[in-house]
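# Analysis of the macromolecular model
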Amino acid sequence: LLITVLAACGNSGAESSSGEGESASGDSGEAKTIKAGIGLNSDHPQYKGLLKFKEIVEEKTDGAIKVDTYHSGQLGDDRSMTEALQLGTQEVVIPSTAPLANFVPEFSVFDIPFLFPNEQVADEVLDGEVGQELLGKLEEQNLVGLSYWENGFRDLTNSERAVASIDDFDGLKIRTMENDLHLDAFKALGANPTPMAFTELFTAMQQGTVDGQENPYATIYLQKFYEVQDHVSNTHHIYSPFVFLMSKSFYDGLTEDQQKIVKDAAVEAGKHERKLNREANEKYLKQLQEEGMEYTEISDEARQEMVDAVAPVIEDYKSKIGEETVDKVYQAIEDAQK
Ligand code: TF8
């Protein structure tokens, strides 16, 4: 009897205090807010994808989850924003996998130069078993990887000279992402690389602290790097994925329904982003030339020399990345091409 009375009291208490905020889909009625930050600017497909995520989540949760978006590194760079997710002071970030390797070393498998032959194979590997397994490893770091988006094949720009072959890398001061494999690969090519956060890159090129950088055409064009860079070559040396990350403490606090909604939205918005990004990468090389950049094509022969030059670096990194992960990814790439 006592239990019944207490339960009844509890119920009526909850009823009288619960007010109008209670929504049909939410658990508590209090709207939850996702603070989502990215490094690229509002013209980039990365931001368009993030807006898509916002639209889906706000609609499907009936306003129980609100998404506030921040572009251009307003909340920090890939690394510091990822740390903010771990601390629970930010809920979403979409970094490149390269800086994520500082959190989960296995992610460096995607930093192996000349790994993926094309975007379709990349999609299959990332969205397939091994790609999803890697996302699972983020949990130990208090992070939830919800999906892969696309940054894309990286191409070299610089303000010094046309780069047609490996000899032209000689001594070029190249900014790399904060990732050891990238650093060592560029050393092996003969360049003089410096790791740096993306947020500092434009100024570094403008002031001549570095001669060049490498990013997909979409980024080079939309971030206006042509204002401070004269040469572009289709090195296509690495395919960079993005990972859609959520803070684990925030994710764990969502209802099961809400977890499904954010997961599906991250996948759906990612499809949209990949599509826009591919269109962008296709059209912006021409626009870069229209803005005055000189384009140099890398011949198959010249690219093979680059492949050979970085081969010892890859060999050296296999154990650091984890042989098992490397083997699985190579196998998945092979399977995707059958
Ligand atoms: C880089 C990456 C970046 C992205 C972005 C800052 O060069 O390619 O463009 O990770 O989020 O740092």
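Residues numbered from 1 in each chain as written. Predicted model: local features only at pLDDT ≥ 70, side-chain atom pairs only at ≥ 80, totals over all residues. Heavy atoms only, no water.

Time to look at the overall build of the protein. When helices and strands are counted, the protein shows 13 helices and 11 strands. Each of the three principal axes of the protein carries a C-alpha extent, and together these read 85 × 40 × 35 Å. Here the contacts in the protein between residues at least 6 apart in sequence split such that 75% fall between residues at least 24 apart. Here the protein has roughly 15,100 Å² of accessible surface; of this, 46% comes from carbon and sulfur atoms. Averaging the locations of the 29 positively and 62 negatively charged side chains of the protein gives two centres separated by 2 Å. (Helix = DSSP H or I, 4+ residues; strand = E, 2+ residues; numbered from the N terminus. Contact = heavy atoms within 4.5 Å. Areas by Shrake-Rupley, 256 points an atom, 1.4 Å probe, with all protein chains shown as cover. Lys, Arg positive; Asp, Glu negative; His and termini not counted. Charge placed at Lys NZ, Arg CZ, Asp CG, Glu CD.)

Turning our attention to the nonpolar core. Ranked by internal contacts, the top residues of the largest apolar core, which has 52 residues, are Phe-107, Phe-110, Phe-116 and Leu-138. Contributions of two or more residues to this core are made by helix H3 (78-87), helix H5 (119-127), helix H6 (129-136), strand S4 (143-153), helix H7 (180-188), strand S10 (239-247), helix H12 (300-321) and helix H13 (323-336). Looking at this core, the element that brings in the most residues is H12, giving 8 residues. With sequence-adjacent residues up to four places away left out, Phe-107 is seen in contact with Thr-97, Leu-100, Ala-101, Leu-134, Leu-135, Leu-138, Tyr-148 and Val-243. Leu-40, Ile-65, Ala-218 and Ile-220 belong to the second-largest nonpolar core, a separate cluster that totals 46 residues. (Core = buried A, V, L, I, M, F, W, Y, C linked by side-chain atoms within 4.5 Å. Buried < 20%, exposed > 50% of the residue type's maximum accessible area, 1.4 Å probe, protein only.)

Once that is clear, we can look at the environment of Val-326. You can see Val-326 is positioned in helix H13. Exposure remark for Val-326: the relative accessible area of 1% places this residue in the buried category. The spatial distance from the C-alpha of Val-326 to the C-alpha of Val-109 is 6.1 Å, given a sequence separation of 217 residues. Contact partners of Val-326, with chain neighbours within four places excluded, come to Val-109, Ile-112, Lys-318 and Ile-321.

Here we come to the site of the ligand. The ligand sits among Gly-39, Leu-40, Gln-46, Asp-78, Ser-96, Asn-151, Arg-154, Arg-175, Met-177, Phe-198, Asn-215 and Phe-242. A distance of 3.0 Å separates an oxygen atom of the ligand from a polar atom in the side chain of Arg-154. Asn-215 places a polar side-chain atom, nitrogen or oxygen, 2.7 Å from an oxygen atom of the ligand. Bound to the protein, the ligand loses 97% of the 320 Å² it would expose on its own. (Near = heavy atom within 4 Å. Polar contact = N/O pair within 3.5 Å; in protein donor to acceptor, adjacent residues only side chain to side chain.)

Okay, the packing of aromatic side chains next. In the structure shown here, the tally under the stated rule is 12 aromatic pairs. Judged by centre distance (4.7 Å) and plane angle (50°), the rings of Phe-53 and Phe-244 are tilted. Separated by 191 residues along the polypeptide, Phe-53 in helix H2 (residues 45-60) and Phe-244 in strand S10 bring together distant segments of the chain. Neither Phe-53 nor Phe-244 differs from the other in exposure class; each is buried. Centroid distance Phe-110 to Phe-116: 6.1 Å. Interplanar angle 25°. Geometry classified as stacked. Ring pairs connect the aromatic residues Phe-107, Phe-110, Phe-116, Tyr-148, Phe-153 and Tyr-239, which therefore count as one cluster. Residue placement shows Lys-320 over the ring face of Tyr-317; its charged tip is 4.3 Å from the ring centre. (Phe/Tyr/Trp six-rings, centres within 6.5 Å; stacked < 30°, edge-to-face > 60°. Lys NZ or Arg CZ within 6 Å of the ring centre and 35° of its normal.)

Moving on: the sheet that holds S4. The strands making up a sheet associate through backbone hydrogen bonding, with each pair oriented either parallel or antiparallel. The 5 strands lie next to each other as S2-S1-S3-S10-S4, forming an open sheet whose pairing is mixed. The open sheet terminates on both sides in strands that have one partner only, identified here as strand S2 (65-70) and S4. Strand direction decides the pairing type here: strand S1 (residues 32-37) and strand S3 (residues 92-93), joined by 2 bridges, are parallel. By the bridge assignment, Ala-36 is partnered in S3 with Val-92. Against the sheet, helix H11 (residues 256-290) contacts S1, S2, S4 and S10, and its axis sits at roughly 5° relative to S4. (Pairing = 2+ DSSP bridges. Axes fitted to C-alpha atoms, helices over the stretch in contact; angles between N-to-C directions.)

If you check H11, its first and last C-alpha atoms are 50 Å apart, about what 35 residues at 1.5 Å a residue would give, namely 51 Å. Where H11 bends most, the angle comes to about 35°, and this point is Tyr-284. Following H11 by one or two positions, Gly-292 adopts a phi angle in the positive range, close to 105°. (Expected span 1.5 Å × (residues − 1). Bend = angle between axes of the 7 residues up to and from the residue.)

It is worth spelling out the pairing of strand S8 (residues 212-215) at this point. Every second residue of S8 is oriented toward a common face, with Gly-212 and Glu-214 on one face and Gln-213 and Asn-215 on the other, all of them buried. In this sheet, S8 lies alongside strand S5 (residues 155-158) in antiparallel orientation, the contact comprising 4 bridges. Considered in S8, the bridge of Thr-157 is made with Gln-213.

Next up on the list: a negative patch on the surface. A surface patch of like charges, here negative, comprises Asp-167, Asp-170, Glu-297, Asp-300, Glu-301, Glu-305 and Asp-308. Within the element layout of this structure, Asp-300 appears in helix H12. (Patch = residues over 30% accessible without salt bridge, like charges linked within 9 Å, V, L, I, M, F, W, Y side chains within 5 Å. Salt bridge = Lys/Arg side-chain N within 4 Å of Asp/Glu carboxyl O.)

Okay, the pattern of salt bridges next. Counted by the stated rule, this structure contains 18 salt bridges. For Asp-123, the salt bridge goes to Arg-278, with nearest N and O atoms at 2.9 Å. Of the two residues, Asp-123 sits in helix H5 while Arg-278 sits in helix H11, which places them 155 residues apart along the sequence. Since its relative accessible area comes to 16%, Asp-123 is described here as buried.

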